[in-house]
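Results of the structural survey
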Amino acid sequence: MGEYTRTGDGVPNLFGLTQFDGKTQFFDGDTYALPQVAGWVIVCGFGVFFACIALILVWIDVKFAGHNYNSEQFNTAGRSVKAGLIGVDIVSHFTWASILLSCVTLTYLNGVSNSMWFANQGLNTFLFAMMSLELKHRAPKAHTFLEIIQCRWGTTGHLVFGFIAFMTNFIVTIMMVMGAVVITNVLTGVNSYALSILIPMGVVLYAVSGGLKATFTTSYIHTVIIFVVLCVFMFKTYCGSGELGSISKVHERLVLMGPYKPIPGNRAGSYLTAFSLQGFYSNINGIIIGLVQIFADQSYWQSAVAASPIHAVKGYVVGTYLYFAIVFSLPICMGLAAVAMDLPLSGSEASNGLVLPAVAITYFGQTGAVLVVIICFMAVTSSGAGEGLACTSLFTYDVYRRYIKPKASGKELLLVSRLGVVGWGLLASALCCMCTGAYISYNFMGDVLSVTAAGAVFPIFFSLLWNGCTCLGATIGTITGGCCGIIAWLVTAKKMYVAPTVLSLQNNEPMLAGCCISMFMGLIVCVILSKLFPAKEKFDWRLFDHDIHLADKGERLGITQEGIDSAAYIAKMRKYVWAATAVFFVTTQFVWPLLSLPAGAVWSLHYFTLWVVIAFFLLISATLIAIILPIWEARGILTVICKHMFTWTTPKEALKYDGTEYSHHPDLVDGGRLPNLDRKPSKPMSKPYVGGDDTAHGQAAVAQFKSDDLRQPKL
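All values derive from a computational prediction rather than experimental measurement.

Across its full length, the chain holds 26 helices and zero strands. Counting every position in the chain, which comprises 715 residues, the buried fraction comes to 62%. Expressed as a percentage of contacts within the chain between residues at least 6 apart in sequence, the contacts between residues at least 24 apart total 83%. If you sum the accessible surface of the chain, you get close to 26300 Å²; carbon and sulfur atoms cover 68% of it.

This is the structure:
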């Protein structure tokens, strides 16, 4: 980002905002937009508030809904969360403080096209809708994706990908926390080291109290607050009073700014064009970065684990739409507003993501600063809780139960999970303090993660989709891809910018080289080694059902005999989800950008108006979905809770395990039981196992298998 950052030039403001005349930076290091006490109240007060909310939610769930809080409930939310809450949780995972700041900053630097490119990165969450269905289809008992890796590739694969998983978790945590630390420190003056400790520990308070389900519910509150604030910003820019307030005025000023402060790489230096080389580079980098953070980050798998099968798919689709609306509309209102008011932002201010608070303060003064601190804090606490529970799940199931105490009871695992959340908070605080002291940019940390771990994307993808992928191919491909990516990253930075410095390594071209080489070299090596040195027999998908165990006996899997969560329906839906993913990819990466090119180097007022209207529609509809859908889907359980609260009674029995939901086999489409799953298959079967050919269920399954709905996709 460094090379393309514009700096305040110390000349009079182009649009007559005399308070900015002669300034070379927006923020004065000696004064703050808010008193320090405001920062302390927000950071400490909100943490305690949401911890209390989590405790109350757990108490209500146990007292009036009859749920039993054990290790499965703590780490998987009972695998019964519906689409609306899953979608809200997904968008809370993806809209970190640094994401909100970066999407605005990149539009300020690269122009309006960046809102499109940033929104197109929603492809990553849509892609994971497909993976969530494959997870439910292949391994419905899984708690973490590392359990799948262990089952596929043994201890070697488990250790390699375990390192990638924990590295991803903590670097993502640092990125989330440091984004909020920078903003809160700049706006309130609260000590950065104190913030680095208090923000993670505030997350720990309610994550350890309520587990995954309480985190989902508090994520709902966080996301609703973020959407409401974004609506305020959007209407202020294009419909309010003040310096801007209309689409035509913003358009007029953006046209004037093109010749005055042109953007390198954009046609005619324009802010109003889809011909943006840097925007295109940012899109490719963003997609690869997003793939790394989704596939190698347990928090996204956690949401898929927590949902019932079809709601997992719907939830990721809803999450994609919500994310799309945020990162498309926020840059259009705040990123372009910074340009349209010619705000004097320095290079360091822009690179630290301070464009968003600068616009908010210009609009609303101290109130704007409060709004920015709140949405950034909301973003980091909701996504941070997911990261904390994800790390805890990895430690509980892939370290403690795998290597320390394989026969640990559910109660022991629950205790380990709670202690793990606390340990995550302490370690995250220490790492954030180290980064603060070393002045390491959170953006740079994300770049390191992306280049290093991109080689793992396709092997993780293959773990559920290609039974011919071997441990040798997956592990060597991951390591080789990461090493080659780092070399390409450093060499490109040296060739283009003289030396590979922290600043030059963050530019688009070195990142593009590093990410692409890492990911595709990992793919090539993985495929070649798997083909050259194949396993004696291909992996039997039944081993997922045999080798992965539930922690608490009787916990539900969410797989039913009939209906939309039945094995047959899941099998049928797979091909439609694959097709929808392909359509979404083509539409966002090719059709939409190509349709924007005929608008030319400088968009007309009518075309820009269309762009803004689309942003309004997306934001308003997404806000309504985020607020209404989770409540509507929960109306049944809310009715039960209200009934028991009114009579102040507890259900006589907790939700019972249904024996027909205990096991799911990828080739068994009628929901029948699998015989002899208490023993490991002696060898993978050359023909699909369908539950016994002498039974009516078995014959129906054979017939369904021959219809080709359940065959593994060919790669």
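Following the criterion strictly, the structure yields five cavities of 30 Å³ or more and no others. When its volume is computed, the largest cavity comes out at roughly 590 Å³. Around the largest cavity, the lining is made up of 33 residues, and of these Ser102, Leu106, Ile289, Asn443 and Asp447 lie nearest the centre. Elements with a minimum of two residues in the lining of the largest cavity: α4 (97–110), α5 (113–120), α10 (277–295), α17 (442–453) and α21 (508–532).

Our focus in this paragraph is the nonpolar core. Judged by nonpolar contacts, the single largest core of 188 residues is most densely connected at Phe233, Tyr238, Phe295, Trp301, Leu330, Met334 and Phe608. It is helix α7 (residues 145–188) that provides the largest number of residues to this core, a total of 22 residues. Leaving out residues up to four positions away in the same chain, Leu330 has contacts with Leu100, Cys103, Val104, Leu230, Phe233, Gly335 and Leu356. Val203, Leu389, Cys391 and Val421 belong to the second largest nonpolar core, which has 11 residues in total.

What follows covers α10. Helix length check: α10 (19 residues) gives 27 Å between terminal C-alpha atoms against 27 Å at 1.5 Å per residue, within 8%. Along α10, 16 of the 19 residues are buried, which leaves the element largely enclosed by surrounding structure.

Moving on to a nonpolar patch on the surface. Together, Leu472, Ile476, Ile524, Ile528, Leu532 and Phe533 make up a nonpolar patch on the protein surface, roughly 550 Å² of accessible area in all. In terms of residue count, α21 provides more of the nonpolar patch than any other element does, three residues in total.

What follows is about unusual backbone geometry. Notably, Asp342 is not glycine yet its phi reads approximately 50°, a positive angle. Tracing the sequence through the fold places Asp342 in the loop between α12 (309–340) and α13 (347–351). A relative accessible area of 7% places Asp342 in the buried class. Unusually for a residue other than glycine, Val498 sits at a positive phi of about 75°. Positionally, Val498 belongs in the loop between α19 (471–497) and α20 (502–505). Overall, the relative accessible area of 70% leaves Val498 in the exposed class.

On inspection of all chains with the given rule, the structure shows six salt bridges. Salt-bridge contacts for Arg253 lead to Glu243; the nearest nitrogen and oxygen are separated by 2.5 Å. You can see Arg253 sitting in helix α9 (residues 247–260) and its partner Glu243 sitting in the loop between α8 (192–239) and α9, a full 10 residues away along the chain. Its relative accessible area of 27% is what places Glu243 among the partly exposed residues.

The next thing to look at is the side chain of Arg253. For Arg253, a relative accessible area of 8% gives the class buried. A polar contact of 2.5 Å, which involves the side chain of Arg253, links it to the side chain of Glu243. Contacts of Arg253, omitting those with residues within four sequence positions, involve Phe15, Glu243, Leu244, Ala340 and Met341.

Among the secondary structure elements, Ala129 is positioned in helix α6 (residues 123–138). Assessed through its relative accessible area of 1%, Ala129 is described here as buried. Each residue touching Ala129, except ones within four places of it in the same chain, is listed here: Val313, Tyr316, Val317 and Val577.

Another aspect to go through is the packing of α7 against helix α15 (residues 366–404). Here α7 crosses α15 at 160°, and the two axes come no closer than 9 Å. Looking at the two axes, α7 sits roughly antiparallel to α15. The crossing of α7 and α15 is left-handed. Partitioned by chemical class, the residues of the contact of α7 with α15 number 23 nonpolar, eight polar and five charged.

Turning to the environment of Thr609, a few remarks are in order. Note on placement: Thr609 falls in helix α24 (residues 605–633). Residue class for Thr609 comes out partly exposed when judged on its relative accessible area of 25%. The spatial distance from the C-alpha of Thr609 to the C-alpha of His251 is 8.6 Å, given a sequence separation of 358 residues.

This part is about the confidence of the model for the chain. Summing up the model confidence of the chain, the mean pLDDT is 79 and the portion of residues at 70 or higher is 83%. The low-confidence segment residues 1–5, where pLDDT is below 50, has 21 contacts with residues more than four positions distant or belonging to other chains.

This part takes up the packing of aromatic side chains. Under the criterion given, the structure shown has 33 aromatic pairs. Between Trp603 and Tyr607, the ring centres sit 4.8 Å apart and the planes meet at 70°, which makes this aromatic pair edge-to-face. Residue classification places Trp603 among the buried residues on the basis of a relative accessible area of 1%. These aromatic residues form a ring-pair network of at least three members: Phe128, Phe145, Phe295, Trp301, Tyr316, Phe458, Phe461, Phe462, Trp466 and Phe520. Lying across the ring of Phe26, Lys23 places its NZ or CZ 5.9 Å from the centre.

Take the packing of α4 against α5 next. Between α4 and α5, the shortest axis-to-axis distance is 8 Å and the interhelical angle comes to 145°. Crossing hand, α4 versus α5: right-handed. Across the interface between the two elements, Ile99, Ser102, Cys103, Leu106, Thr107 and Asn110 from α4 touch Ser113, Asn114, Ser115 and Phe118 from α5. Taken together, the residues of the contact of α4 with α5 sort by class into four nonpolar, six polar and no charged.

Rules and cut-offs
- Residues numbered from 1 in each chain as written.
- Predicted model: local features only at pLDDT ≥ 70, side-chain atom pairs only at ≥ 80, totals over all residues.
- Heavy atoms only, no water.
- Helix = DSSP H or I, 4+ residues; strand = E, 2+ residues; numbered from the N terminus.
- Buried < 20%, exposed > 50% of the residue type's maximum accessible area, 1.4 Å probe, protein only.
- Contact = heavy atoms within 4.5 Å.
- Areas by Shrake-Rupley, 256 points an atom, 1.4 Å probe, with all protein chains shown as cover.
- 1 Å grid on protein atoms, 1.4 Å probe; cavity = no way out; pocket = protein on both sides within 12 Å on 5 of 7 lines; lining within 4 Å.
- Points joined across faces, edges and corners; volume = space filled by probe spheres on them.
- Core = buried A, V, L, I, M, F, W, Y, C linked by side-chain atoms within 4.5 Å.
- Expected span 1.5 Å × (residues − 1).
- Patch = residues over 30% accessible without salt bridge, like charges linked within 9 Å, V, L, I, M, F, W, Y side chains within 5 Å.
- Salt bridge = Lys/Arg side-chain N within 4 Å of Asp/Glu carboxyl O.
- Polar contact = N/O pair within 3.5 Å; in protein donor to acceptor, adjacent residues only side chain to side chain.
- Axes fitted to C-alpha atoms, helices over the stretch in contact; angles between N-to-C directions.
- Parallel < 35°, antiparallel > 145°, perpendicular 65-115°, else oblique.
- Left-handed = near helix turned anticlockwise from the far one by under 90°.
- Nonpolar A, V, L, I, M, F, W, Y, C, P; charged D, E, K, R; others polar.
- pLDDT = per-residue confidence, 0-100.
- Phe/Tyr/Trp six-rings, centres within 6.5 Å; stacked < 30°, edge-to-face > 60°.
- Lys NZ or Arg CZ within 6 Å of the ring centre and 35° of its normal.

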